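Analysis of the macromolecular model
Chain by chain, the residues:
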Amino acid sequence: GLINVTMTFFYLCEGDANAYGQVYYSINGGTVWMPVGPAMYANQTQWKYQILTDPAFDNQPDLRFAFRWINQSTGTTPTMSFAIDDIFVVGTYDDISNPCTITVTNVTPNPVCQGSYLFIFFSFKPSHNTSVLNYSMNTSQPKSSSVSK
């Protein structure tokens, strides 16, 4: 799980009292959505940076975010709706509550010769989040890696 989870983004939204944006989050696969941040995103004609944090975001196996535009306005003056850019969700891995073990499962070939590939296979545990990182390296070319679950 991750702790200190933060979502950031830029937004603009002209709107008014009847036309505005909202942000929601879900921790149960999207069955229930909870509002987060300001109740109404409106009256913002230049890009503004928004930071959202909530203790409910921490240690969630399924955290989702949604943006909603509500337009009940009957005005004839056109206004800009809800624009979102540069969305980031970051957190700190909680290794106390969710310890992780990394084990090298195979290194091939052994020995490795200059100009040939070296393959290093890792396994990550706990078992509910098992991944294998295949890392290959050619001593005369850039490195490459891939993750498979």
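**Digging into unusual backbone geometry**
Backbone geometry places asparagine 4, a non-glycine residue, at a positive phi of 55°. Position of asparagine 4 relative to the elements: it lies in strand E1 (residues 2-13). If you check the backbone angles, asparagine 59 has positive phi at about 55° while not being a glycine. Note that asparagine 59 resides in the loop between strand E4 (44-53) and strand E5 (64-71). Its relative accessible area of 35% is what places asparagine 59 among the partly exposed residues.

**Concerning the environment of lysine 48**
When you line up the elements, lysine 48 lands in strand E4. With relative accessibility at 38%, the residue lysine 48 sits in the partly exposed group. Note: C-alpha distance between lysine 48 and phenylalanine 9 (39 residues apart in sequence) is 8.3 Å. What lysine 48 contacts, discounting residues up to four positions off in sequence, is Phe9, Phe10 and Tyr11.

**Examining the sheet that holds strand E3 (residues 34-35)**
Spatially, the three strands line up as an open sheet ordered E3-E2-E5, and their pairing is antiparallel. Looking at which strands have only one partner, the edges of the open sheet turn out to be E3 and E5. Pairing of strand E2 (residues 19-26) with E3 involves two bridges; the strand directions are antiparallel. Pairing of tyrosine 24 across the sheet is with proline 35, part of E3.

**Quick look at the layout of surface pockets**
A volume near 230 Å³ is recorded for the largest pocket. Taken together, Gly1, Leu2, Val5, Phe57, Asn59, Gln60, Pro61, Leu63, Phe65, Val89, Val90 and Gly91 form the lining of the largest pocket. Those elements giving two or more residues to the lining of the largest pocket turn out to be E1 and strand E6 (82-93). Sort the elements by how many residues they give to the lining of the largest pocket and E6 lands first, with three residues. Among the residues making up the lining of the largest pocket, the classes are represented as eight nonpolar, four polar and no charged.

**Concerning the environment of glycine 29**
Structurally, glycine 29 is set in the loop between E2 and E3. Spatially, the C-alpha atoms of glycine 29 and leucine 63 are 7.5 Å apart, while their sequence positions differ by 34 residues. Excluding its chain neighbours within four sequence positions, the residues that come into contact with glycine 29 are Asp62 and Arg64.

**Quick word on the nonpolar core**
By size, the foremost hydrophobic cluster in this structure holds 12 residues: Val5, Met7, Phe9, Tyr11, Cys13, Val23, Tyr25, Val36, Tyr41, Leu52, Phe57 and Phe82. For this core, the secondary structure elements donating two or more residues are E1 and E2. Per-element tally for this core: the top contributor is E1, with five residues. Not counting the four nearest positions on each side in its chain, tyrosine 41 is found in contact with Phe9, Tyr11, Cys13, Tyr20, Gly21, Gln22, Val23, Val36, Gln50, Leu52 and Phe82.

About the criteria used
- All chains use their own residue numbering, which begins from 1 and follows the written sequence.
- Given that the model is predicted, a residue must reach a pLDDT of at least 70 before its local features are reported, and side-chain atom pairs must reach 80 or more before they are shown or counted; all residues, however, enter totals for whole chains, interfaces and linings.
- Heavy atoms from the whole structure form the basis of all side-chain values; hydrogens and water molecules are not counted.
- Secondary structure is summarised from DSSP: a helix means a run of H or I of at least four residues, a strand means a run of E of at least two, and numbering begins at the N terminus for each.
- With a 1.4 Å probe rolled over the protein chains alone, any residue whose accessible area is under 20% of its type maximum counts as buried; one over 50% counts as exposed, and the rest are partly exposed.
- The contact criterion used is simple: two residues touch if any of their non-hydrogen atoms lie within 4.5 Å.
- Pairing between strands is defined by DSSP: at least two bridges between them are needed.
- Lining residues are defined by having an atom within 4 Å of a point belonging to a cavity or pocket. Those points lie on a 1 Å grid over the protein atoms alone, cavities being sets where a 1.4 Å probe fits but cannot get out and pockets being open sets with protein on both sides within 12 Å along at least five of seven lines.
- Grid points are joined across faces, edges and corners, and a volume is the space filled by probe spheres set on the points.
- Residues are sorted three ways: Asp, Glu, Lys and Arg are charged, Ala, Val, Leu, Ile, Met, Phe, Trp, Tyr, Cys and Pro are nonpolar, and all the rest, Gly among them, are polar.
- Take the buried residues of types Ala, Val, Leu, Ile, Met, Phe, Trp, Tyr and Cys, join any two whose side-chain atoms come within 4.5 Å, and each joined set is a nonpolar core.

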